[in-house]
Amino acid sequence: MIYRLAFGWIFTATLVAAAYLIGTMPVAAAEPDADSPELVCQVRYASETRLLHQSATTDPYSAATVDFDNRFRFRAVVLGSPGRINHITLTVYELAESTKEAPPVIIHQVRYQAPFNMNNEIPALTGWNHVYANYRGRELRYGCALKAVQS
């Protein structure tokens, strides 16, 4: 009897591990338990540090952006509904140094899929990222965490 219970437990654990690895885990188990998770990013350029807060949205064009000294633009898109995040896309643009009206150029972009690390400490989700501009080697650093916000 004990052998049968132990075998059943090992078999179930193996199935759950396999489902997790191939991405067929049930949505409730793969998503955070929070009512409305919020992405919090700490972005640093030169001696300036800013916090960016972004909640889940269905409209990627409403995502928050932060400009730094007309050199960099940081954008965080958290796509999904308030209870469920589909993916997170973080983009860094290099802004034109000249007075001409040149469009921003994407120099760094990363996308995160569920399951997400829900540790509240920055930079639990992304680690520290260092992004360098093509012109004069300017550096922007950022790190993000997905924090549970109870509604």
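Residues numbered from 1 in each chain as written. Predicted model: local features only at pLDDT ≥ 70, side-chain atom pairs only at ≥ 80, totals over all residues. Heavy atoms only, no water.

## Things to note about the confidence of the model for the protein chain
Any residue range with low pLDDT should be treated as having predicted coordinates unsuitable for detailed reading.
Now for step 1: Chain-level pLDDT for the protein chain is 80 on average; 74% of the residues reach the 70-or-more range.
Now for step 2: The secondary structure element of the protein chain with the lowest average pLDDT is helix α2 (residues 27–30), at 38, and the one with the highest is strand β7 (residues 129–132), at 96.
Now for step 3: Long-range and interchain partners of residues 23–34, a stretch whose pLDDT sits below 50, account for 17 contacts in this model, where long-range means more than four residues apart. (pLDDT = per-residue confidence, 0-100. Helix = DSSP H or I, 4+ residues; strand = E, 2+ residues; numbered from the N terminus. Contact = heavy atoms within 4.5 Å.)

## A few points about the packing of aromatic side chains
Now for step 1: Here the structure, examined in full by the defined rule, presents three aromatic pairs.
Now for step 2: A centroid spacing of 4.9 Å and a plane angle of 55° characterise the contact between F74 and Y142, whose relative ring orientation is tilted. Residue F74 is located in strand β4 (residues 72–81), and its partner Y142 is located in strand β8 (residues 139–149); the two are separated by 68 residues in the primary sequence.
Now for step 3: With relative accessibility at 0%, the residue F74 sits in the buried group.
Now for step 4: Here Y142 falls in the buried class, since its relative accessible area comes to 0%.
Now for step 5: Aromatic ring contacts, followed pair by pair, group Y45, F68 and F72 into a single cluster.
Now for step 6: Lying over the aromatic face of F68, R50 brings its terminal NZ or CZ to 4.8 Å of the ring centre. (Phe/Tyr/Trp six-rings, centres within 6.5 Å; stacked < 30°, edge-to-face > 60°. Buried < 20%, exposed > 50% of the residue type's maximum accessible area, 1.4 Å probe, protein only. Lys NZ or Arg CZ within 6 Å of the ring centre and 35° of its normal.)

## Some details on the sheet that holds strand β3 (residues 64–68)
Now for step 1: Reading across from one edge, β3-β4-β5-β6 is the order of the four strands in this open sheet, with antiparallel pairing throughout. Of all strands in the sheet, those bounded by a partner on one side alone are β3 and β6 (105–113). Averaged over all neighbouring strand pairs, the angle between strand axes comes to 15°, with direction disregarded.
Now for step 2: Bridge count between β4 and strand β5 (residues 84–94): ten bridges; the pairing is antiparallel. When the sheet's bridge partners are listed, V77 is paired in β5 with T89. (Pairing = 2+ DSSP bridges. Axes fitted to C-alpha atoms, helices over the stretch in contact; angles between N-to-C directions.)

## Quick look at the sheet that holds strand β2 (residues 48–55)
Now for step 1: Within the open sheet, the four strands sit side by side as β2-β1-β8-β7. Their pairing is antiparallel. On the outer flanks of this sheet lie β2 and β7, each paired with one strand and no other. Strand-to-strand, the axes of this sheet are offset by a mean angle of 25°, without reference to chain direction.
Now for step 2: By the bridge criterion, eight bridges tie strand β1 (residues 36–45) to β2 in an arrangement that is antiparallel. From the neighbouring strand, C41 faces β2, where its bridge partner is L52.

## Focus: the environment of Y135
Now for step 1: One can find Y135 in the loop between β7 and β8.
Now for step 2: When its relative accessible area of 40% is taken as the criterion, Y135 is described as partly exposed.
Now for step 3: Sequence separation between Y135 and E97 is 38 residues; the distance between their C-alpha atoms is 8.3 Å.
Now for step 4: Apart from the residues lying within four places of it in its own chain, the contact partners of Y135 are E94 and E97.

## Some thoughts on the pairing of β5
Two faces belong to every sheet, and in a regular strand the side chains alternate between them.
Now for step 1: When you tally the buried positions in β5, you get nine out of eleven residues, the bulk of the element.
Now for step 2: Between β4 and β5, which pair antiparallel and follow one another directly, the connecting turn spans two residues.
Now for step 3: Relative to β6, β5 runs antiparallel, the two sharing eight bridges. Within β6, the position partnered with L90 by the bridge is V110.

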